[in-house]
Structure formats: C-alpha cells, structure tokens
Amino acid sequence: MNRFATLLTSVVLVAGCVASARAQIGGANTGGATHLDQEERQAGNWRRVLMIGAHPDDEDTQLLTILARGFGIHTAYLSLTRGDGGQNLIGPELGEFLGVLRTEELASARAIDGGTQYFTRAFDFGFSKSAEESLAFWGRDSVLKDMVRIIRRFRPQVVISVWQGTPADGHGHHIASGILALEAFHAAGDSTRFPELAREQLQPWQPAKFYRSARGGGQATLTFDAGGIDPAVGMSYRQIAARSRSQHRSQNQGTLEELGDSRSGVRLVERAAGITGPDDSLFAGIAAEEVGQDVHSVEAALTRRGIVLDATTDAAEVTPGEAMPVTLRAWNTSHDSIYISVAMFAHVGFTSRGDACSAEAVVAPGALFSCRYAVNVWPNAEATTPYYLEQPRIGNLYNWSTTPPAWRGEPSAPPLEASFTVRRQRGSGPDDLHARREVVARTRDPVLGEVRHPVMIVPAITMDVEPNALLWTSTRRTHEFLVEMEHLAHDSTTANVSLDLPKGWTAGAPQSVHFTQQGEHATVHFTVTVPLHVKDGAYRVSARAITGTDTLATYIYRIRYPHIRDRNVSLAAQASVEVANVVFPAVGTIGYVRGGGDLVPEALINAGLSIAMLTGDSLERGSLARFHVIVIGPRAYEADPSLVRAHPRLMQWLNAGGTLIVQYQQTPYTQGGFAPKPLTIVQPTQSRVTDETAPVRFLAPMHPALRTPNLIGPADFTGWVQERGLDFPPQWDKAWVPLLEMHDSGGPPLSGGLLVAHVGRGTAVYTGLSFHRELPALVPGAWRLFANLLALGQRVAVPKQP
C-alpha cells in the first residue's frame, strides 16, 4: 500500500444545506433558522422508512431527500457493504481502506440529504455475477441477521429495497440485496428468528409495508416529486439530492444540480397482516404511534431557545498515558436563566475526571457556562481505528465480536462524548432537554481559521516500513529498507529501532533515535541480506521501537479528504516481501501515467525499476523520446485530463516505435477515440472474469509476451486476488492479437483480457487483467507476465521524436 493521502482539512460545509449542529462540523452554533426548520420537520414524527441496497452509491438519493427533507420522515439507508471492492478515482485507498473512505462519504451524503446510515458486516469482495456466489461468500444468515438487527433497532414501518432480487439487477451483490431485503422484512417480526438479538435489547419488529424501487423495472405504484423547493434552503430536493450524490467522490459521482421536475417511484410488493385499503401513500393504513422526546425535538428546542452546546479539546491525536483537557461549554443567549448539568462518556481507552463539573449550574441570560474535565488516555490504550477493523475479518465478514452492541452497523463510533441536560428550573421536569456532543479537537489554522477534527489515540511513535510491499527477485541478495518515524508524543522520547526478520536474514544492529518535539520525523536505514539460496515465497519484515518498557510496532495510515471526516487506520509496522523468480527486461526508464486507485508505479519502483511519473506539463510538452515504454494506469483517461490532451502526441510517439501498455479503462476510453486501434468496451456483467481461479487458455503460446524474458505457464495464474480482470473488450480490430482466454463458471469464454497490436513502428497493449491489484499484492505470476509486456519495448528503438 502506498502511504500517502491528500492532507486537507476535513470540513463539510454545505451552502444552504447545513448538516445538523450535533454533527459538530464547523464552529459551535445553534444552526440557525435553516437547522431549526429541518429539525422541526422530523421532531416528533412517528414515521420511519428504511432503504436497503448493496453498496455505497446504490441508494436512491433523490427519494431519501424527498422523504427526509421534504416530508420529515425518519429515513435511513442500509448498505450491505462499505464498497471495499471497488475502484478509487481520487486516491490510493483500496480494499478495507477504500471501505473506510466510502463509509465516510456515505456519512457526508446523509448529513446533506437528512438520512441516517447503517451497514452490515458484509465485505465487498469484488464484482459477483450471481446472488448464489455472493451469499456463499458472506453467509446468508450472517448478513440477514445484521439486516434484522438494523430493522429491530430503527423500527421502520416501511422498507424499500433498491434492487429487485432478479438477474436484471446485474451485480450479484445487488441481486442478493434484493432477495435478503424481503427475507429481512419477514424475519424482523418473527420472534423465532435470531432470538439472540434480545441480548442487545432488540425485540421483534414487523414493518407494515415492503416496496421495491421502480427505477429497476416495474410500474411504480407511488411517485414522489423532487422538483419542489425546500423553503429553508431555497433549493429543490432534486438539487439537494445531487449535492448528496456528489459526496461519492471516490466513485466519480459528481453530479450537476439540475433545475426542474424529477420523480422517484416505488412499487408495493407486500403488506403485513392487517394493513388494508388503498395504497395511496407510503403510510396509508398504518396507525400512528406515540412519540416521546427525540433528538430532533431536542435540537429544535435548543435552537429556539438560543442555547449553544459545545465539547472540545486541544489536540486531535493523543498518545497513551497522556492527559487531555476537555472543555464543555453552554452559552445561554435566551432571556431566561437555565440550569445545566453535564457528564462525560469515555469509551474504551479513556478515563475522565471532572469534579468541578458534577454540580448543576445556573446560567444567566447571555452568560457562558464552562467547565473542564481531565481525561486520561490509558497507558496501554490501542491506537484508534474504525471499530469494524479492530479485529481481523472472518472470511468476507467484518468481525464485530468485541464491538459494543450499540455500535454494530453504525458508520463509526465516537471515542468521547459529553452529555448535557438543560432545564428551565432546578430538578428534573418533563421539558428537560438531554443532548449529546462528540468531543472534538478545536484548533487554529493560520489560513482556514478554526478547524475541528475527531479525537484519535495514536502511538508515541508511528513507524512506516518502506518499501511496504516488495517483489524481491531470487537473484538479489540485499535490499535497503527504511523505517520512517514520526514522533507524536508531546514529551521527548528515545527509541531503539530494529527489524524483526525471517530466520537467516540479517539487517545489522538496532539504531537509537532521540526525539524532542511532537511532529518530529526521522528515517532509519537498514540493509537487509537474505541467505544465499533463499527459497521463493512470502515473508514479513517488521519494525519495532523500544522506548523504556514499551515496545512500539504500529503504523498510522491517515485518510484525509476535504469532503469527509478524518480517519486513522492502525496497522502493524511491517512490510510484505515476496521472493520470486522474475526477470525484468532492460528498457530504461519507464513512463507512467497514474490511474485511479493505482499503486502500480510504487510497486515497480520498489522492485528496482526506473519509473518517471507523467502528468501535466511532462506529459503534454515534455520529450517522450527517452521512453521505450509508457504505461497507462487503470481508468487514467478519467482520472487525468492531461492524458486526454496529450493523446495526439502519445499516438505520434507510439507510431514512431514506442510500446504503450494501457491497463483497464471504461467506456470513456473508447468513446473518446483513445484506443490506438479500434476496440469496444462495454460494462455488462459478461465483460469481466470475477473468479480469480478461473482457468486460463493460451491462444498464442509462441507470442513474445508469453515467452520472454519469463516463460509464462498455467502456474503463473495461481494466487491471483479478487478477480482475473474487468472491462474486457468483446470486439476489436483485426490488428489486435488476443493472447489469453478465460471465463467464469457457466459464463462465455472471454479472450479480450490481453490484446497486442502493431501500430506503425510501435506496439500497443490493452489489458483488462487486474495488474493494479495483483502487482501490489505481490502475485509472482502477474509480475512475470507484466515484465514480459515491458519487454516488448526492447524490440524496436524509438526515434528521437517527438
């Protein structure tokens, strides 16, 4: 994994569409008239709707917005997965790290459209062609139990499935979602199904109606107009929904906020016993319920009274054993005195003390109440990581075995919260207001001013082993490893740093590093030597730092984007090493245009190849003549506009004798006419091979790409991860030569996964094989095949142009 992320402040301020003040985004405030209007719509509303889909971005954002913002209905979206198996168009995160990013994108989307977000334990293992495969990978009852858990917790009267549960849904996850949604509708009210959920204080709950979205087919029985204006923000629900949809940035989902009419529809499928009569609205025939004080009525009351509540500390990242001050404030801008009592909720890793805050306080009109808690981080506290990543996955399910029941299915879990009780007079009364605020770090940025971040525990020293994923060729004896360290503690620290190595490997003596300041960096170099006849296989190289009686061995991966909240993922400070018999060609420096979620260039550099990253001026105006080979990353034609602009000169370079290797692209590649020889890319389920073990047939076994410098055979297709490949062209010009054929079980044979063509004096390669997954995962056969593709650049010298 490449250890970098865009370091931008995590602030989501939506002009004219402000998230709830309780989300603690932006400075402390009441939220004003817009917030009051939106909270009052849902305050005391007994109606609840749960929408169910398979992935982030499956949701009908427009319908969510109409229901939540338009009708004030408590509306939630349950995504079976966190989107871990998809692509990333904005950064390097893939797999579980992409799941963290997309979880936060959904949370940002819900803050705009007014919905609530939930998840199951299902891990997105990649594209699936059938519900049977999806349910086999996840375990049908496991995911169904999680869905029932959310229904019993949220207690919706109406369930809407995004998907139909038929092959028309395309993706196997979609089909499974549609099937399980109806099963969960019935199972949630059945006391014999999942009785163990009673230990989580969840009792059976039978929703009254089950609908399916009409966008997937079938005649709508109810339609909703999104073209109306939300008077609080002056935008239509369609526009607000577009802004919510645009939070899915990692999926290239930026959407225009169009004016005009737009409609969403649903189709009634089933009703619970006793629900009769015409179905002329979602809640027709459903009896109203008694509703007590809820979070929306509390927030609305606080805004009406002009009471601002806040809970802050000074640093976003704190270390074990550290004492951190937490300040609770209540500003009474009303004309009447109020009475305030507060409490701290410190979860695992924190202990709070605050005797001065224990008594009820009177706050006069215009006065500011403030008290301070001393919060200690446990000396043995683990670094903060999303709760669903605290334990290793069990197959394709996240492990929630140690997760508190109240957190299961939530997007995230706040480590520190403050509770405020606001009264009009001393002693409890029926109009008491009970509110919570997450404790956030409040800091001053010289450019941005006040910024706020979640509080996270980090180790005193974070260590990153580089390279963190290394293909080590069998003929190589030594390799340099770096331990890049960042000091995160406030006091000074002396650390003795060493590497833990496989038996017989050596790296020299431990090295001492002394830190005096927080934020200080240091890099320690080790030369690792392997035995003379080291065996091929997978190995680990781990770093550790001994500081007094503590041993530190943690790396903190920071996920930072401007449209989501900051998140850290805690990892072992180690590198994966694969010793393998791979021969690389002598092709000089390789030009590389990075694609989306593309860690291939770092993998190539780590393996010892010379890589020059091409973008902007270097791609559009720099000399290409020095390159024999240029590699285009996955979906780069969508991720890098300079590649589109440079296309004519890139084709000139190719025709003059270059070798151009294009990894998988989507329809913009062919629609834009960027393929050097015609080919067609479509995106139905048949255009990819999802089974990473699918047999491979060699169509042109004597082709140089399969013979030199590495002789490719069936064994080179063992150990592949997630898939064989995707976006295989179904049709191509006769100039292209297909080299391989493969297919999923029961599917048609696909031979467009690796195509080679002569273009002028040059060679073009288009490959849908998932090198962007296989090379960072250190799959030896994928490396051997990719090395052969690079070797095609040895065959023709590139003239001195352009």
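See the structure printed just above.
What counts and what doesn't
Residues numbered from 1 in each chain as written. Predicted model: local features only at pLDDT ≥ 70, side-chain atom pairs only at ≥ 80, totals over all residues. Heavy atoms only, no water. Helix = DSSP H or I, 4+ residues; strand = E, 2+ residues; numbered from the N terminus. Rg over C-alpha atoms; globule rule 2.2 N^0.38 Å. Buried < 20%, exposed > 50% of the residue type's maximum accessible area, 1.4 Å probe, protein only. Axes fitted to C-alpha atoms, helices over the stretch in contact; angles between N-to-C directions. Parallel < 35°, antiparallel > 145°, perpendicular 65-115°, else oblique. Left-handed = near helix turned anticlockwise from the far one by under 90°. Contact = heavy atoms within 4.5 Å. Nonpolar A, V, L, I, M, F, W, Y, C, P; charged D, E, K, R; others polar. Pairing = 2+ DSSP bridges. Right-handed = clockwise from strand over helix to strand, strands pointing away. Expected span 1.5 Å × (residues − 1). Polar contact = N/O pair within 3.5 Å; in protein donor to acceptor, adjacent residues only side chain to side chain. Disulfide = S-S within 2.5 Å.

J.: Help me understand the overall build of the protein chain in this model?
T.: Of regular secondary structure, the protein chain possesses 16 helices and 43 strands. Taking 2.2 N^0.38 as the reference for a compact globule, 802 residues should give roughly 28 Å; the C-alpha atoms of the protein chain span a radius of gyration of 29 Å, in line with that estimate. With the C-alpha coordinates of the protein chain rotated into their principal frame, the extents come out at 85 × 70 × 55 Å. Residue burial in the protein chain is summarised as follows: out of 802 residues, 58% are buried.

J.: I keep staring at the packing of helix α2 (residues 61-70) against helix α7 (residues 237-245) and nothing clicks. Help me out?
T.: The axes of two packed helices give the description: the angle between them and the distance between them. Relative to each other, α2 and α7 sit at 120°, their axes nearing to 8 Å. Classified by the interaxial angle, the pair formed by α2 and α7 is oblique. For the crossing formed where α2 meets α7, the hand is right-handed. Across the interface between the two elements, T61, Q62, T65, I66, R69 and G70 of α2 pack against Y237, R238, I240, A241, S244 and R245 of α7.

J.: What exactly am I supposed to notice about the packing of α2 against helix α3 (residues 96-113) here?
T.: At their nearest, the axes of α2 and α3 sit 9 Å apart, and the two run at 45° to each other. Classified by the angle their axes make, α2 and α3 are oblique. Residues T61, L64, T65, A68 and R69 of α2 form the contact with α3, whose own contacting residues are R110, A111, I112 and D113. Split by residue class, the contact of α2 with α3 holds four nonpolar, two polar and three charged.

J.: For this particular structure, what's the right way to read the sheet that holds strand β22 (residues 461-466)?
T.: As a general point, the strands of a sheet are linked pairwise by backbone hydrogen bonds and lie either parallel or antiparallel. Here three strands make up an open sheet; going across it, the order is β22-β24-β27 and the pairing antiparallel. This sheet does not close on itself; its edge strands, each paired only once, are β22 and β27 (521-529). Mean inter-strand twist for the sheet, computed between neighbouring axes without regard to direction, equals 20°. Across six bridges, the pairing between β22 and strand β24 (residues 478-487) is antiparallel. In the strand pairing of β24, E466 is matched with L482.

J.: Looking at this model, I keep getting lost on the pairing of strand β1 (residues 48-53). Mind explaining?
T.: Walk down a regular strand and you will see the side chains alternate between the two sheet faces. The buried count for β1 comes to six of six residues, which makes it a mostly enclosed element. Taking every second residue as pointing to the same face, both faces of β1 are buried, with R48, L50 and I52 on one and V49, M51 and G53 on the other. Here β1 runs beside strand β2 (residues 74-79); their pairing, made up of six bridges, is parallel. In the sheet register, R48 faces β2, and the bridge partner there is H74. The parallel pair β1 and β2, bridged by α2, forms a crossover whose chirality is right-handed.

J.: Explain helix α6 (residues 172-187) to me, please; I cannot follow it from the model alone.
T.: Along an α-helix, residues three or four apart share an orientation, since each turn contains 3.6 residues. Across its 16 residues, α6 extends 22 Å between first and last C-alpha, which sits within 8% of the 22 Å expected from 1.5 Å per residue. With respect to burial, α6 is a largely interior element, 13 of its 16 residues being buried.

J.: Please clarify how the environment of Q391 should be interpreted in this entry.
T.: With respect to the helices and strands, Q391 occurs in the loop between β16 (368-377) and β17 (416-423). With residues near it in sequence (within four places) discarded, Q391 still touches N399 and T402. At a separation of 3.5 Å, a polar atom in the side chain of Q391 contacts the side chain of T402.

J.: How should the state of the cysteines be read in this particular structure?
T.: Covalent bonding between the sulfur atoms of two cysteines defines a disulfide. With the rule as written, the count across this model stands at one disulfide. Each sulfur in the disulfide pair C357 and C371 lies 2.2 Å from the other. The S-S bond linking C357 to C371 shows a torsion near 120°; that makes this disulfide right-handed. In this pair, C357 is assigned in the loop between β14 (350-353) and β15 (361-363) and C371 in strand β16, connecting sequence segments 14 residues apart. Accessibility assignment for this pair places C357 and C371 in one class, buried.

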